[in-house]
Amino acid sequence: MSPSFEEFYHEVARDYGSMWDFKFRGRSLEIITPHSTISDKFVSVFLTERGQEIIVSDGGYLYLGEYIENEDVQQNKCYNQTVTHLEDYYKVQRVLDRHEKVIFYLKTQRRDLVSSLVHDMASFITGVVNAQQITLESDREVETRQRFAKKAGSFLIDVFPARMVKFHQPLRVGDRINFSAGIWRESKVNLIQFVTGSTPYHFANSMAKATMNFLAVGGSALAPSVNHKVSFIDTSASGYRTNGNPSYASLLNGASEVLAWEERARIVEMVEAPLE
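Structural notes, computed from the coordinates. For every chain, the first residue of the written sequence is number 1, and numbering continues from 1 along that sequence. Under the rules for a predicted model, residues below a pLDDT of 70 receive no local features and side-chain atom pairs below 80 are neither given nor counted, while totals for whole chains, interfaces and linings still include all residues. The side-chain figures draw on all heavy atoms in the structure; neither hydrogens nor water molecules are used.

Digging into the overall build of the protein chain
By definition, any uninterrupted DSSP run of H or I lasting at least four residues is a helix, any uninterrupted run of E lasting at least two residues is a strand, and each is numbered from the N terminus. Regarding its fold elements, the protein chain presents 7 helices and 11 strands. Every radius of gyration here is taken over C-alpha atoms, with the globule rule written as 2.2 Å times N^0.38, N being the number of residues. Relative to the globule expectation of 19 Å for 276 residues, the C-alpha radius of gyration of the protein chain, 27 Å, shows a markedly less compact shape. By its C-alpha atoms, the protein chain is 85 × 55 × 35 Å across when sized along the principal axes. Here the protein chain, with 276 residues, has 42% of them falling under the buried criterion. Here, residues are in contact when the closest pair of their heavy atoms is within 4.5 Å. Across the protein chain, contacts joining residues at least 24 apart in sequence account for 61% of those joining residues at least 6 apart. Using a 1.4 Å probe, accessible areas were evaluated by the Shrake-Rupley method; residue-level cover was limited to the displayed protein chains. Within the structure as shown, the protein chain displays about 16600 Å² of accessible surface, and the carbon and sulfur contribution to it stands at 53%. With 30 positive and 34 negative side-chain charges, the protein chain shows a spacing of 5 Å between the two charge centroids. We call a residue buried when its accessible area falls under 20% of the maximum for its residue type, exposed when it is over 50%, and partly exposed in between, using a 1.4 Å probe and counting protein chains only. Two residue types count as positive, namely Lys and Arg, and two as negative, namely Asp and Glu; His and chain ends fall outside the count. In plain terms, the charge of a residue is placed at NZ if it is Lys, CZ if Arg, CG if Asp and CD if Glu.

See below:
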């Protein structure tokens, strides 16, 4: 390897070092680190002296929601387990200040360990913030799917009072492939898939799942009984984009009849049309 390749190391070290900054905060020193979170924030740690001890803390920023929109994820079991694991791993402690604010901290009497504690505290904060972001996104996705399922399900029940509407219609008995709903008319079934998502990524996944489910109908025992295959598109979802995911949309259009939520009334004429 060329000796000049070592220059990359020096360039990286120099560039990384230039990303650090600091501010005086009363009797504390805020160190702004190059550690960044998936909420696009740089992590700060705070140094304070208490007698013979040097305290390295998050400054209460996690409690105050400085790194992420102030939303409540405290009741999420997965999030709390992640935080507990991170506290154990980095040996982080917590305390309430006189304003009942939670402070996460590490401490030492050895000056030579401060750099290590700054690294550990910054890594801890990054892990907690990322866990918050992932939890919030997961919760939003669940809420989005449940909201649309409830709205679309209520609509189907209202417009088909004389038909059997079966939610979570399986492709086969005991099969893991389930459709959002099956509307039965005599021996014929109309398969409905709800398509939604809290982000473009989740919306694309919903379209892909719907496409695969409909493609799986071919060759199945249920296939001769299928009258229509219909995708209900949640156009009010945050992940919906009129000009996004053209490839997924094209595949879904090829596998099913696609109805935007505003066109949902068309399902009645489709289901109630004379059977062939």
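Regarding the layout of surface pockets
The way it works is a 1 Å grid over only the protein atoms, where trapped points that fit a 1.4 Å probe form a cavity and open points with protein on both sides within 12 Å along at least five of seven lines form a pocket, and then any residue with an atom within 4 Å of a point lines it. Grid points are joined across faces, edges and corners, and a volume is the space filled by probe spheres set on the points. Size it by volume and the largest pocket reaches roughly 580 Å³. Residue lining of the largest pocket: 20 residues in total, with R145, S180, Q193, F194 and K209 positioned closest to the centre. Residue assignment for the lining of the largest pocket shows that the elements contributing at least two residues are α4 (114-159), β7 (164-170), β8 (178-185), β9 (188-195) and α5 (200-215). No other element matches the 6 residues that α5 contributes to the lining of the largest pocket. Charged residues are taken to be Asp, Glu, Lys and Arg, nonpolar residues to be Ala, Val, Leu, Ile, Met, Phe, Trp, Tyr, Cys and Pro, and polar residues to be all remaining types, Gly included. Split by residue class, the lining of the largest pocket holds 6 nonpolar, 10 polar and 4 charged. If you add up the space inside the second largest pocket, you get close to 400 Å³. Taken together, 14 residues make up the lining of the second largest pocket; nearest its centre are T48, R50, I55, S57 and I103. The set of elements that each furnish at least two residues to the lining of the second largest pocket consists of β3 (42-50), β4 (53-57) and β6 (102-108). Among the elements that take part in the lining of the second largest pocket, β3 stands out by supplying 3 residues, more than any other. Broken down by class, the residue content of the lining of the second largest pocket amounts to 5 nonpolar, 4 polar and 5 charged.

A few points about the nonpolar core
Only buried Ala, Val, Leu, Ile, Met, Phe, Trp, Tyr and Cys residues count toward a nonpolar core, and they belong to the same one when joined by side-chain atoms within 4.5 Å. Ranked by internal contacts, the top residues of the largest apolar core, which has 28 residues, are V45, L62, M121, F124 and I125. Only β3, β4, α2 (61-64), α3 (77-90), β6 and α4 provide two or more residues apiece to this core. Core analysis: the next-biggest nonpolar cluster, separate from the first, contains 17 residues, F148, F155, F160 and W261 among them.

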